[in-house]
Amino acid sequence: MRKIIILMMVLLLGGCTVTRPSPRPSFTLETYPKIYGSTVAIPLEEMLMATLTDQPIETIRPYIPASKTHEAYLNLINRTADLIIVTSPSQAELDAAYTARIKLEITPITSEAFVFLVNKDNPIDSLTIEQIQKIYTGEITNWKDVGGDDVAIRAMQRPVNSGSQTGFLNLVMKGLKVMTAPPEWVSVEMGELVDMVAYYDNQPDAIGYSYYYYVTDMKDNPNIKLLKVDGTAPNPTTISNSTYPIHTNYYAVLRQEEPALSDSRAILHYLLSDEGQELIEAAGYVKLK
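Residues numbered from 1 in each chain as written. Predicted model: local features only at pLDDT ≥ 70, side-chain atom pairs only at ≥ 80, totals over all residues. Heavy atoms only, no water.

Draft legend 1. Spatial organisation of the side chain of S88. With respect to the helices and strands, the residue S88 is situated in the loop between β2 (83-86) and α5 (91-99). Excluding its chain neighbours within four sequence positions, the residues that come into contact with S88 are Y73, E93, T166, N170 and Y251. (Helix = DSSP H or I, 4+ residues; strand = E, 2+ residues; numbered from the N terminus. Contact = heavy atoms within 4.5 Å.)

Draft legend 2. Examining the pattern of salt bridges more closely. If you walk through the whole model with that rule in mind, you get 14 salt bridges. In this structure, R24 and E275 form a salt bridge, with 2.5 Å as the shortest nitrogen-oxygen distance. With R24 in the loop between α1 (2-12) and β1 (35-37) and E275 in helix α12 (residues 274-282), this residue pair connects regions lying 251 residues apart in the sequence. Of the residues examined, R24 reaches a relative accessible area of 48% and is grouped as partly exposed. Measuring nitrogen to oxygen at the nearest pair gives 3.0 Å for the salt bridge that ties R61 to E46. Of this pair, R61 sits in the loop between α3 (57-60) and α4 (69-77) while E46 is found in helix α2 (residues 42-53), placing the two residues 15 residues apart along the sequence. For E46, a relative accessible area of 12% gives the class buried. Salt bridges sharing partners connect three or more residues here, namely R79, R255 and E257. (Salt bridge = Lys/Arg side-chain N within 4 Å of Asp/Glu carboxyl O. Buried < 20%, exposed > 50% of the residue type's maximum accessible area, 1.4 Å probe, protein only.)

Next up, the structure:
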């Protein structure tokens, strides 16, 4: 019960996501708050810091910490980060916040989609959510059972507490027991999973998952294709209007105790402003509708 309460409490603390005018805060490289994030948020972190310090991206790039989702949450909980830009928290991250007596304030700042990808030569173009669930529980093991070739399915995964694994479990599987994948089907890096789907044994039999922005802007691989889900393809329009069925967000996360006039809150307000949302869109993400 405690775990469910924590999750509800944290998500409810997200606050309002309606855009509004907000002054652009200004910083030097030395006064800029400590911001960590998910791998998929790095381009946004770079553009945000460049804009708020009035510096070229090439100048600020060495100042952007190399972190992943789990590390970013732990840094915020341990007070070594002031603000994080991340995907949704895992249960382990919620538990870590609870143990540290930290209340997380989680605010959506972009619209996003969780997507499934296959090799470009796989004849399958669309799956239902139910079919995807059955593939990852191990009930469906051959592509012929979903209208494809008579070939065994290699269902790739990410490690527990990675941002995309948390999204997969929360947004898609929703409590269903995921089959245990062979170690060689579990990729440590997001980019590695895309490459595994594209090139694994030079066969078009793998399926994997990620976030839309990552596979279209950060890791554009011509040998993969994104699947339609329940008949709808992911694209900026279907993500923005939520017609693509696996909708999510990226979030700015603060400790709830953060003072009202802190620099971190000023950055959050800026991200939710009209100008901040335009910056998010200019960085290639889908802004909040």
